[in-house]
Structures are given as structure tokens and as C-alpha cells.
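Examination of the molecular architecture
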Amino acid sequence: MPDLKLTIIQSELVWEDIDANLAGFDQKINDIQEDTHLIILPEMFTTGFSMDPANLAQGMDGSAVKWLQEKSRQKNVAIAGSVIINAAGNFYNRLLWAQPDGRLLIYDKRHLFRMSGEEKVYSAGDKTIIVQLHGWKISPFICYDLRFPAWTRNISNRFDLAIFIANWPEKRAMHWKSLLQARAIENLCYVIGVNRVGTDGNGLTYSGDTCVIDPAGNILFQKAHAACTHTAQLSYSELQKYRKSFPAWMDADIDLIRIPD
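So, here's what we can say about the structure. Since the model is a prediction, treat every value here as computed from it, not as a measurement.

What the protein contains, in helices and strands, is 6 helices and 13 strands. The C-alpha atoms of the protein give 17 Å as radius of gyration, which agrees with the globular expectation for 261 residues (18 Å, within 12%). Considered along the principal axes of its C-alpha atoms, the protein spans approximately 50 × 40 × 35 Å. Taken across its 261 residues, the protein has 53% of its residues classed as buried. In the protein, the share of contacts with a sequence separation of at least 24, taken over all contacts with a separation of at least 6, comes to 69%. Summed over its atoms, the accessible surface of the protein is roughly 11,000 Å², and 49% of this surface lies on carbon and sulfur atoms. For the protein, the distance from the average position of its 27 positive side-chain charges to the average position of its 30 negative side-chain charges is 3 Å.

If you want it as C-alpha cells, here you go:
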């Protein structure tokens, strides 16, 4: 199985300005020089973590979705990030995964952050997804999902890489870093966490701490307090080697854990 190359973009976000954020990420993607299979953007990358979907939500035919699909086709690379979507009268914090051939996969955030009232204005998803890319199986999640290991549990090595995109404030940065390592260790998989930096319209600051973690919990890359674009290469042979040498997955309590749809 070939290695996987992916590019993570940690950025400031312009508060509730879709056009400005699309223009900013358009330039950041154009500036990527390395070959890559996947580009990962933060949670709500077009608006910041806003509780105003009534004024900011777009349909699946809106400018954000069209931009993702066009950029993926133009650069011949998969691109993933979440935006505010209005679907059938409900608002979702929806991760969009655009493929160069035009296919679009979606994951709706399951765990809505009640401390900000997210559950009052958004609808929760009820299904996980696994994306096949370059021979790898990848499961993407959004921010607060990170705190719920049953939802993100990797039963029988269903996925090789878990991705968490976020707007995770600096005041809980220790939780972010610790939980990402825990998810990698318990799931025997690579974990990518992509966060934002800067300050949002509510005055919350974000330190980023975007990182790449291997199946043993080792931090391969981490960046705080600055925008950055980083391309990482993940080794499938090292993943399989570790799973073989430390096969804790074989002793999982499968009878006690529901595998998400």
C-alpha cells in the first residue's frame, strides 16, 4: 500500500465573511508546491464558529460547495473542510469532502457544542463515513466529536486515519492535544487535527496546535500560534507494522460497542 501525502492548512478566519475566506484559502491552496493527495481545512472555514446560520447558511449549490468542487478539480486533489449548510430547512455543521472527479461526500457533525448553544441552532448528524483515498481508509470528524471515544472508535481497524477539524479555543488547548493523542493510541491509527488561529467575533482566541500523530501517539508535527501550511507523509507500512507488533485491536469489546453506521 502506498504512503499518503496530505496538506494541512492552519489559518486565521475572517469572521462571518464567506467571500473573504474563500479568497484567502484559494490563495493558500495555489501556493502549495508539494505533491499531495488531500488538503484539509478547519471547521467552518468560511465563517468561523458562528451561531448565526440563519444569515450565513448556504445550500449545497452555494458558493462554498462550488468553490470546493472546482478547486479540487483544478488542483487534482481531494479537499475537506466544514461549512454551514441549509438542507431541507435544517442547518448543519457539515464536513464536505470534494474529489477531483466531482464526487462530494458529507459528514454532519454528531456532537454539537452545547456550551456555545450549537445544539439550539444546528441539527446533529447520525452517521460516520469512511472515505477511500489512495488505498487508505479515512474517517473524518468535527471538533467536539473528539471528546466522545465511542463515536470515534476504530473497531477491527475500520479506518487507517482519523481526521478532526476544529475551531478549538486556546483556553482548552491542553484538552485538544491530549485527546488527539489518546484517539491515536486507542485506535491504533494515524490522527490529524486541524485547528484555526487568531481571534473570532466573540473574542475567543485560538492557538491552533494543528498536528500529525502516529499510531503510537508520537507527535510528528505540531504548530501553535501561527498560520501555517504543512505537508506530511504517512507510512502505511509503519502503520501495519505497529498494529502487528501491538495488536490491542484484537481484544476490543466489540460486543459492548456499537459500530456507527
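The next thing to look at is the sheet that holds strand β2 (residues 38–40). Judged by pairing direction, the sheet is mixed, and its 6 strands sit side by side in the order β5-β4-β3-β2-β1-β13 without closing on themselves. The open sheet has two edge strands, β5 (104–108) and β13 (228–234), and neither has a second partner. Within this sheet the neighbouring strands show an average axis-to-axis angle of 30°, counted without direction. Note: strand β3 (residues 78–87) against strand β4 (residues 90–98), 9 bridges, orientation antiparallel. Residue pairing across strands places A80 opposite W97, the latter belonging to β4. Its contacts with the sheet put helix α3 (residues 63–75) on β3, β4 and β5, and the angle it makes with β3 is roughly 165°.

On to helix α1 (residues 18–30), then. When the terminal C-alpha atoms of α1 are compared, their 18 Å separation across 13 residues agrees well with the 18 Å that a helix rising 1.5 Å per residue should span. Every buried residue of α1 is accounted for by I18, N21, L22, F25 and I29. The arc that holds the buried residues of α1, viewed along the axis, is 100°, so those residues lie on one side. If you follow the buried residues of α1, they end up packed against β1 (4–10), β2, α2 (53–56), α3 and β3.

Over the atoms, a rolled probe matching the size of one water molecule traces out where space is still vacant. For the coordinates displayed, the defined rule picks out 1 cavity of 30 Å³ or more. Looking at the largest cavity, the residues that line it are I18, T46, T47, L56, Q58, A64, V83 and I84. Each residue belonging to the lining of the largest cavity can be placed in one class, and the counts come to 5 nonpolar, 3 polar and no charged.

Next up on the list: unusual backbone geometry. Positive phi values are uncommon outside glycine, yet A88 reaches one of about 55°. The topology assignment puts A88 in the loop between β3 and β4. At H225, a residue that is not glycine, the phi angle is positive and equals roughly 65°. Looking at the element boundaries, H225 is found in the loop between β12 (219–224) and β13. Note on H225: relative accessible area 57%, which makes it exposed.

Before going further, it helps to examine the pattern of salt bridges. Counted under the stated rule, the structure contains 12 salt bridges. Note that K109 and E43 form a salt bridge whose closest N and O atoms lie 3.1 Å from each other. In this pair, K109 sits in the loop between β5 and α4 (118–121) while E43 sits in the loop between β2 and α2, placing the two residues 66 residues apart along the sequence. For K109, a relative accessible area of 1% translates into the label buried. Overlapping salt bridges, with partners in common, bring together E43, K109 and E118 in one network.

Here we take up the layout of surface pockets. Considering only enclosed or pocket space, the largest pocket measures out at about 180 Å³ in volume. Broken down by class, the residue content of the lining of the largest pocket amounts to 9 nonpolar, 2 polar and 4 charged.

Parameters at a glance
- Residues numbered from 1 in each chain as written.
- Predicted model: local features only at pLDDT ≥ 70, side-chain atom pairs only at ≥ 80, totals over all residues.
- Heavy atoms only, no water.
- Helix = DSSP H or I, 4+ residues; strand = E, 2+ residues; numbered from the N terminus.
- Rg over C-alpha atoms; globule rule 2.2 N^0.38 Å.
- Buried < 20%, exposed > 50% of the residue type's maximum accessible area, 1.4 Å probe, protein only.
- Contact = heavy atoms within 4.5 Å.
- Areas by Shrake-Rupley, 256 points an atom, 1.4 Å probe, with all protein chains shown as cover.
- Lys, Arg positive; Asp, Glu negative; His and termini not counted.
- Charge placed at Lys NZ, Arg CZ, Asp CG, Glu CD.
- Pairing = 2+ DSSP bridges.
- Axes fitted to C-alpha atoms, helices over the stretch in contact; angles between N-to-C directions.
- Expected span 1.5 Å × (residues − 1).
- Arc of directions from axis to C-beta.
- 1 Å grid on protein atoms, 1.4 Å probe; cavity = no way out; pocket = protein on both sides within 12 Å on 5 of 7 lines; lining within 4 Å.
- Points joined across faces, edges and corners; volume = space filled by probe spheres on them.
- Nonpolar A, V, L, I, M, F, W, Y, C, P; charged D, E, K, R; others polar.
- Salt bridge = Lys/Arg side-chain N within 4 Å of Asp/Glu carboxyl O.

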